[in-house]
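# Examination of the molecular architecture
Here's the letter readout for the chains.
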There are 2 protein chains.
Amino acid sequence: MNQRLPVQGAQGDLLRLVATGKAESRADLARLSGLAASSVSLRVEELLDAGLLAEEGSGTSRGGRRPRLLRLSETAGVLAVADLGAHHVRLGLLDLSGAPLVIEERPCEIADGPRATLDRIADAFDALLAEHVPAPVPLRGIGTGIPGPVDPLTLRVVTPSRMPGWNDFPVAEHLATRYDLPILVENDANLMAAGETRCWPDRRNLMVVKAGTGIGCGVVVNGRLHRGRGAAGDISHVRVRSDSSVICACGHPDCLEAYASGAALMAALSEAGIPVTRTGDIVGLVNDAIPEATSLVRNAGRRIGEVLTVLVNFFNPDVVAVGGSLSAAEPLITSIRAAVWERCLPLATRDLEVAPARAGRDAALLGAGALLLEAALT
Amino acid sequence: MNQRLPVQGAQGDLLRLVATGKAESRADLARLSGLAASSVSLRVEELLDAGLLAEEGSGTSRGGRRPRLLRLSETAGVLAVADLGAHHVRLGLLDLSGAPLVIEERPCEIADGPRATLDRIADAFDALLAEHVPAPVPLRGIGTGIPGPVDPLTLRVVTPSRMPGWNDFPVAEHLATRYDLPILVENDANLMAAGETRCWPDRRNLMVVKAGTGIGCGVVVNGRLHRGRGAAGDISHVRVRSDSSVICACGHPDCLEAYASGAALMAALSEAGIPVTRTGDIVGLVNDAIPEATSLVRNAGRRIGEVLTVLVNFFNPDVVAVGGSLSAAEPLITSIRAAVWERCLPLATRDLEVAPARAGRDAALLGAGALLLEAALT
DNA sequence: CTCACTTCCTTCGATATCGAAGATAAGCCG
DNA sequence: CGGCTTATCTTCGATATCGAAGGAAGTGAG
């Protein structure tokens, strides 16, 4: 069953606070929402009656009466989210708070084109719903992550590399023919940033770097995802300083990704007689103290760090989180940190954290859940 | 007479829309504010009664009845703003819409220290008020621009260069001993960005570069000034690619400002036997087609542009506005453009405007007025 | 010239929210 | 153990805002 969230005005604001885990009682809601306690009481009553919230037990006293705890109702609804890669898709169902109900990975070739790929994803959603969700629990929204830029105004994919047929394809419209629900279409690095943000409470400005086969970055400003024109955060084609000159796949010389991406490291290792089939294997080599691997990863971290220094000076983020399959290599993080600390202004790095990403491999799906909840409540 | 603006809730929202020139009638206010026409009518009546708004004539019909035009009342109040330089201060009085009533420049040595400098500015404010403002018109706020980083949480100056005695000085607290009013303390590049934003309607993401004796940049994200930790937008110490190596005043090699700042250009011209005393004179030399000057300015533009390409890819702004005393040199702008267009992603530069700043020499004061109005209405 | 439609602004009853007061149940101190 | 303070949540009258309807004054077509 598909059904949009039946809330309006202050109800949505309150539901959001409970769904995101920020509030657990009426008193919490009054403190966080700015509404008077009487207004909160009335609106919560409506959400309880609508089956969106439920009461469950009592909280701890803060010196007065114990609060009655509120939680998202199990019948509040689910969100269907997918994160598309070149050769596979990771997809699943989340409850409105973003907690996974089921997540799975399936083979899927993005080169098959958008219609076939999106229909296969929708079929998978329907199968998961039938298998895992009781009939009275409604589907409230659909979210998809795309490995290319997405124009935030038109929600169309924009000149993606290695994705034939996807340019200018209206992903949201296509999915809307099948679901009359809020639909999210977003770049995967942006989803990853949205997911990572949930792991850094009280931080409003983050950069989430994806160090994988490619290099990407998502940006969160004042707690909100910054999309720009759909290409915001792109650092892969920044020109780095180099004694030699390497032509990037994009045609320009000396792009960051020509030196520091997982693909570039794999090529360099193959040339050194160390064949690697997946970027994740590079981490294993580093852990085994293979000198060539460690040196390459360290060099990649230094280069990424040099690019990040420009951005950290400019943006003054609270956090630089590094994810992606290379991020488990500790020399990558330490050399990024060294480069950032060496060249950044002291004020720009005051209280800055450069750390491995916390959200794990499903950051993009969790990010999709968070953004979709927001879309559903607006 | 000092008096805070006596508005609350929706009154402030409506006053802001009239003061910023976005609305001129009740119908405009209803469209822009989201309030019902009946609510707008009631609140406007209160603002008229409070002497903050006035009615004046009729507007043009849009097919139905002509609207009654609203404007800021002359008795609504004034704002006192100042922009501090190393050797002078530019200060004046603005009305609540930001229109200058009087602006003047006075000699002032920042090296005299904060107390003496700020007291002198306050004395100047008081003199301007006595001379130019009728007694019933209240002062509603004080704004000051500082040529160094300002911590947005503490409103203290942070490790400014060449400003002895100013580090960690609580500028706002000092001024508050004299004025019980909203007080703004902000970095001058940020004020310039706030002022420039008003000249680019419907643009929400801007970078405002100041190419003067030094190099600075202000950043506006989603229509709001981005301060970061107080150092956001700083591009002067980004390391640029170079065949040689020049040590910057900060101690690091190859900072942007060691190559591309007005001070650096002046030094290079002196070495070429062309003595220059003010960065503004470089523009004259370029206009006279002195080859050394044009070459230096073009090279500076290219370097600034190279740094900007990283930031444009990352941030995807709508506008890059270039101000400061060097910005009148056309080769500077054209070589910035060339560098940006050459290396940026097509999506990042789609609809981007790289242009001379429009706000003129008082951008910082106008920016102070805009931010101060916001402070007064919050 | 008249009539129908549009736009602006006001009036009024309905609805949402505020703020004060009160009920209930905690914790803490003497 | 009792009294006082604190915290949570509810009740109720006051206030802000909404939404519908209406009055006034425009415009344009027939």
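Residues numbered from 1 in each chain as written. Chains lettered and ligands numbered in written order. Predicted model: local features only at pLDDT ≥ 70, side-chain atom pairs only at ≥ 80, totals over all residues. Heavy atoms only, no water.

## Digging into the interface of chain B and chain A
Listed per partner, the contact involves 45 residues of chain B and 45 residues of chain A. Between chain B and chain A, the buried area comes to about 3800 Å², and carbon and sulfur atoms account for 57% of it. If you sort the residues of chain B by the area they bury against chain A, Arg229, Phe314 and Arg343 of chain B come out on top, with a joint share of 26%. Summed over the shared surface of chain B and chain A, the result is 4 salt bridges. Here Asp318 of chain A ties to Arg229 of chain B by a salt bridge, and the two come within 3.4 Å at their closest N and O atoms. The interface formed by chain B and chain A includes 24 residue pairs in polar contact (both at pLDDT 80 or more). Among the secondary structure elements, those contributing two or more residues to the side of chain B that touches chain A are β9 (215-221), α10 (291-315), α11 (330-343) and α12 (346-349) of chain B. Considering every element that reaches the side of chain B that touches chain A, the biggest residue donor is α10 of chain B, with 6 residues. Per-class residue counts for the side of chain B that touches chain A are 22 nonpolar, 11 polar and 12 charged. (Contact = heavy atoms within 4.5 Å. Buried area = accessible area lost by both parts, 1.4 Å probe. Salt bridge = Lys/Arg side-chain N within 4 Å of Asp/Glu carboxyl O. Polar contact = N/O pair within 3.5 Å; in protein donor to acceptor, adjacent residues only side chain to side chain. Helix = DSSP H or I, 4+ residues; strand = E, 2+ residues; numbered from the N terminus. Nonpolar A, V, L, I, M, F, W, Y, C, P; charged D, E, K, R; others polar.)

## So, the domain arrangement of chain A
Residues and elements named next belong to chain A. Along its sequence, chain A is organised into domain 1 (10-72), domain 2 (78-195 + 363-377) and domain 3 (200-358). At the junction of the two partners, domain 2 supplies 11 residues and domain 3 supplies 16 residues. Between domain 2 and domain 3 the total buried area reaches about 1100 Å² when both faces are included, carbon and sulfur atoms providing 63% of it. Taken as a group, Asn190, Met192 and Ala193 account for 46% of the area that domain 2 buries against domain 3, more than any other trio of residues on that side. On the surface where domain 2 and domain 3 come into contact, there are 2 salt bridges. In this structure, Lys210 and Asp188 form a salt bridge, with 3.7 Å as the shortest nitrogen-oxygen distance. (Domains from an automatic or database assignment.)

## A closer look at the packing of helix α8 (residues 262-271) of chain B against helix α9 (residues 279-287) of chain B
Residues and elements named next belong to chain B. Look at α8 against α9: their axes get within 9 Å of each other, and the N-to-C directions meet at 60 degrees. One way to sum up the angle between α8 and α9 is to call them oblique. The way α8 lies across α9 gives a crossing that is left-handed. Contacts between α8 and α9 involve Gly262, Ala263, Leu265, Met266 and Leu269 from the first element and Thr279, Ile282 and Leu285 from the second. For the contact of α8 with α9, a count of residues per class yields 6 nonpolar, 2 polar and no charged. (Axes fitted to C-alpha atoms, helices over the stretch in contact; angles between N-to-C directions. Parallel < 35°, antiparallel > 145°, perpendicular 65-115°, else oblique. Left-handed = near helix turned anticlockwise from the far one by under 90°.)

## What to know about the protein's contact with DNA strand C
Around DNA strand C sit 25 residues in total, of which Ala36, Ser38 and Arg43 of chain A together with Ser41 and Arg68 of chain B are the nearest. Expressed as a percentage, the sugar and phosphate content of the atoms of DNA strand C within 4 Å of the protein is 71%. A distance of 2.5 Å separates a phosphate oxygen of DNA strand C from a polar backbone atom of Ala36 of chain A. Only α3 (37-49) of chain A together with α2 (26-33) and α3 (37-49) of chain B provide two or more residues apiece to the surface near DNA strand C. Among the elements that take part in the surface near DNA strand C, α3 of chain A stands out by supplying 4 residues, more than any other. (Near = heavy atom within 4 Å.)

## Considerations on the relation of the copies chain B and chain A
Structural alignment of chain B on chain A gives an RMSD of 0.1 Å, achieved by rotating through 180 degrees and translating 0.0 Å along the axis. Within this description, the copies of the chain are treated as partners about a two-fold rotation axis. Distance from the rotation axis, computed per C-alpha, reaches its smallest value in chain B at Arg241 of chain B: 3.1 Å. In this assembly, 100% of the residues forming the interface of chain B have copies in chain A that are likewise at the interface, indicating an isologous arrangement. (Least-squares fit on C-alpha atoms with pLDDT ≥ 70 in both.)

## Focus on helix α13 (residues 363-377) of chain A
With 15 residues, α13 of chain A extends 21 Å between its outermost C-alpha atoms, agreeing within 8% with the 21 Å of an ideal straight helix rising 1.5 Å per residue. Within the span of α13 of chain A, buried status applies to Ala363, Ala364, Leu365, Leu366, Gly367, Ala368, Gly369, Leu371, Leu372, Leu373, Ala376 and Leu377 of chain A. (Expected span 1.5 Å × (residues − 1). Buried < 20%, exposed > 50% of the residue type's maximum accessible area, 1.4 Å probe, protein only.)

## Brief notes about the side chain of Asn190 of chain A
Residue and element names in this part refer to chain A. Among the structural elements, Asn190 can be located in helix α6 (residues 188-197). Given the relative accessible area of 2%, Asn190 is considered buried. For Asn190, the residues in contact, after removing those within four places along its chain, are Cys217, Gly218, Leu225, His226, Arg227 and Ala232.

## Overview of helix α2 (residues 26-33) of chain A
All names here are of chain A. Listed in full, the buried residues belonging to α2 are Arg26, Leu29 and Ala30. The buried residues of α2 occupy an angular sector of 100 degrees when projected down its axis, which confines them to one face. Summarising the contacts, the buried residues of α2 are in contact with α1 (10-19), α3, β1 (53-58) and β2 (68-72). After α2 finishes, the residue Gly34 shows a positive phi value of roughly 85 degrees. (Arc of directions from axis to C-beta.)

## Let's talk about the pattern of salt bridges
Tallied over the full model, the rule gives 52 salt bridges over all chains. Put simply, Arg156 of chain A and Glu173 of chain A hold a salt bridge, and the shortest N to O gap is 3.9 Å. In this pair, Arg156 of chain A sits in the loop between β6 (139-146) and α5 (171-176) while Glu173 of chain A sits in helix α5, placing the two residues 17 residues apart along the sequence. Arg156 of chain A sits in the partly exposed class, given a relative accessible area of 25%. The residue Glu105 of chain B makes a salt bridge to Arg90 of chain B at a minimum N-O spacing of 2.9 Å. With a gap of 15 residues between them, Glu105 of chain B in strand β5 (residues 100-107) and Arg90 of chain B in strand β4 (residues 88-95) connect regions that are remote in the sequence.

## Brief notes about the protein's contact with DNA strand D
Around DNA strand D, the structure places 26 residues, and the nearest of them are Ser41 and Arg68 of chain A together with Ala36, Ser38 and Arg43 of chain B. Among all atoms of DNA strand D positioned within 4 Å of the protein, those belonging to sugar or phosphate total 67%. Here Gly64 of chain A contributes a backbone N or O atom positioned 3.0 Å from a sugar or linking oxygen of DNA strand D. Arg65 of chain A places a main-chain nitrogen or oxygen 3.1 Å from a base nitrogen of DNA strand D. Secondary-structure elements contributing two or more residues to the surface near DNA strand D are α2 and α3 of chain A together with α3 of chain B.

## A look at the packing of α1 of chain A against α2 of chain A
Residue and element names in this part refer to chain A. Here α1 crosses α2 at 115 degrees, and the two axes come no closer than 10 Å. On the basis of their axis angle, the class for α1 and α2 is roughly perpendicular. Once α1 is placed against α2, the crossing between them reads as right-handed. Contact residues: α1 offers Leu14, Leu17 and Val18, while α2 offers Leu29, Leu32 and Ser33.

## What about the sheet that holds strand β5 (residues 100-107) of chain A?
Residues and elements named next belong to chain A. The strand order β5-β4-β3-β6-β7 describes an open sheet built from 5 strands, whose pairing is mixed. Each edge of the open sheet carries a strand with a single partner, namely β5 and β7 (183-187). For this sheet, the mean angle separating the axes of adjacent strands, direction not counted, is 15 degrees. Of the pairings in the sheet, the one linking β6 to β7 comprises 5 bridges and is parallel in character. Bridge assignment links Ile142 to a residue of β7, and that residue is Ile183. Lying on the sheet, α6 is in contact with β3 (78-84), β6 and β7; it crosses β7 at an angle near 105 degrees. Of the strands in this sheet, β3, β4 (88-95), β5, β6 and β7 touch α13, which is tilted by about 135 degrees from β3. (Pairing = 2+ DSSP bridges.)

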